[in-house]
Amino acid sequence: MTLFPGIEGCAVIAEVAQSHEGSLDAAHNYIDAIAGAGAHGVKFQTHIAAAESTIHEPWREKFNAQDESRFDYWKRMEFSEMQWAELRTHAAESGLLFISSPFSDEAVGLLERVGVDAWKVASGEVGTLPMLGKIAATGNPVLLSTGMSPWTEIDAAVEILRGGKGAFAVMQCTSVYPTSPEKTGLNVIPDLRRRYDCAVGLSDHSGVIYPAVAAAAEGIDVLELHVTFDRDGSGPDVPASITFEELSQVMEGVHFMETARRHPLDKNAQARELEDLRAIFNKSIVAATDLAAGTVLATEHLCLKKPGSGLPAARLDEVTGRTLKQNVVKDTLLSEDDLS
């Protein structure tokens with residue numbers, strides 16, 4: 001299903017999240033690196049601390065001493081509206097979709113004014129139905145993450161998206177950083193497509209490339225991965241991120257899988273195309289020793305050897321018990337002309 005005109009197949013979105021560490025320069029550097037790796041879009045998170053959180057919000061994980069509270073951390077991650085507009089322009093000039101996750105109504109309003117190519121609904125916001133309704137009403141595509149939600153909560157969110165004006169995708173996601181193979185949940189992807197009959201995707205937090213390529217083999221419509229310049233860098237998202245070299249490998253893998261899916265294989269046609277190779281590598285029924293005309297062929301008279309240009313090995317039982325018309329020498333590939 002097409003979410004983004006001009007993108008055929010799976011749209012690959014690189015997630016910056018908070019890896020810019022509140023630095024506008026770093027955010028611009030991420031845009032350049034994502035474009036250089038060949039991805040289709042860049043995704044940020046738009047935080048307005050006072051609108052989304054309180055000083056009582058606990059740390060998911062305390063990863064530095066710089067921010068006294070989680071609220072202080074979100075405050076440090078804020079950009080001004082002018083700065084967001086600057087990032088949006090840079091993304092467009094780099095040929096990237098500009099996508100962000102809002103975490104408050106105020107962030108939705110800011111991003112509407114700046115302009116986004118799509119919305120990402122973060123896993124923790126699936127149950128924030130009033131904000132989801134505002135997002136759906138804009139008409140932009142919506143990517144709905146499901147990392148912490150049971151089916152009933154996803155059902156309610158999808159019902160709101162169906163009442164909106166734009167396309168949407170429901171994305172399998174596991175909110176564990178990094179996500180282990182056992183918790184990746186690739187089996188959920190076809191369940192999402194059957195349950196909602198909509199575009200589907202994977203929002204991956206594994207920190208490796210394998211789930212992305214496997215999901216592409218499932219025919220997903222959108223893929224989101226966290227990226228980082230440095231695996232040894234700081235920040236909560238680094239363990240769940242891939243490098244830009246790995247992002248390039250993901251793009252190659254996605255294209256490979258999409259090409260394979262567009263060309264289903266006919267095994268009979270394949271065998272016909274490879275007839276010359278079959279003649280070389282398959283085996284034929286061969287005389288195991290010198291044999292005289294009139295010999296009634298028994299198992300000990302015959303063996304199977306390459307090439308496969310004589311009577312096929314599969315006919316061994318059929319040939320056993322037949323009579324030779326003429327003398328044959330050892331290793332002769334038998335033919336119908338030799339048999340009566």
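Everything that follows concerns the structure shown earlier in this document.
Quick look at the structure, then.

Thresholds applied
- Residues numbered from 1 in each chain as written.
- Predicted model: local features only at pLDDT ≥ 70, side-chain atom pairs only at ≥ 80, totals over all residues.
- Heavy atoms only, no water.
- Helix = DSSP H or I, 4+ residues; strand = E, 2+ residues; numbered from the N terminus.
- Rg over C-alpha atoms; globule rule 2.2 N^0.38 Å.
- Contact = heavy atoms within 4.5 Å.
- Areas by Shrake-Rupley, 256 points an atom, 1.4 Å probe, with all protein chains shown as cover.
- Lys, Arg positive; Asp, Glu negative; His and termini not counted.
- Charge placed at Lys NZ, Arg CZ, Asp CG, Glu CD.
- Salt bridge = Lys/Arg side-chain N within 4 Å of Asp/Glu carboxyl O.
- Buried < 20%, exposed > 50% of the residue type's maximum accessible area, 1.4 Å probe, protein only.
- Polar contact = N/O pair within 3.5 Å; in protein donor to acceptor, adjacent residues only side chain to side chain.
- Core = buried A, V, L, I, M, F, W, Y, C linked by side-chain atoms within 4.5 Å.

A few words now on the overall build of the protein. Looking only at helices and strands, the protein features 13 helices and eleven strands. Rg of the C-alpha trace for the protein: 30 Å, well past the compact-globule value of 20 Å for 340 residues, more than 25% over. Each principal axis of the C-alpha distribution contributes one length, and for the protein these read about 100 × 45 × 35 Å. At a minimum sequence separation of 6, the contacts of the protein that also span at least 24 residues come to 65%. Surface summary for the protein: the accessible area is close to 16100 Å², and the carbon and sulfur share equals 52%. Computed over 29 positive and 49 negative side-chain charges, the separation of the two mean positions in the protein equals 7 Å.

Inspection of every chain in the model, using the stated rule, returns 17 salt bridges. Here K43 makes a salt bridge to E15, at a shortest N to O gap of 2.6 Å. Taken together, the residues span a long stretch of sequence, with K43 in strand β2 (residues 41–46) and E15 in strand β1 (residues 11–15) at a distance of 28 residues. Here K43 matches E15 in class, with each residue buried.

Our next topic: unusual backbone geometry. Negative phi is the rule for most residues except glycine; trans is the rule for most peptide bonds. At the junction of Y177 and P178, the peptide bond is cis and its omega measures out at 0 degrees in the coordinates. Among the secondary structure elements, P178 is positioned in the loop between β6 (168–173) and α8 (188–196). Of the consecutive residues K306 and P307, the connecting peptide bond is found in the cis state with omega at 5 degrees. You can see P307 is positioned in the loop between β11 (302–305) and α13 (316–319). If you check the backbone angles, E21 has positive phi at about 55 degrees while not being a glycine. For E21, the location among the structural elements is in the loop between β1 and α1 (24–36). With a phi angle near 50 degrees, D197 is a residue other than glycine that sits in the positive phi range. Overall, D197 belongs to the exposed group, its relative accessible area being 60%.

Mapped onto the secondary structure, S206 falls in the loop between β7 (199–204) and α9 (210–217). Residue classification places S206 among the buried residues on the basis of a relative accessible area of 10%. A distance of 2.7 Å separates the side chain of S206 from the side chain of D204, its partner in a polar contact. Side-chain polar atoms of S206 contact the backbone oxygen of V208, separated by 3.1 Å.

Okay, the nonpolar core next. Residues L144 and L223 are the most contacted members of the largest nonpolar core, which totals 61 residues. No other element matches the six residues that α1 contributes to this core. Those residues in contact with L223, other than ones at most four positions away along the chain, are C10, A11, V12, I13, L202, A212, V250 and V254. By size, the runner-up hydrophobic cluster in this structure holds 13 residues, among which are F4, I99, A118 and V222.

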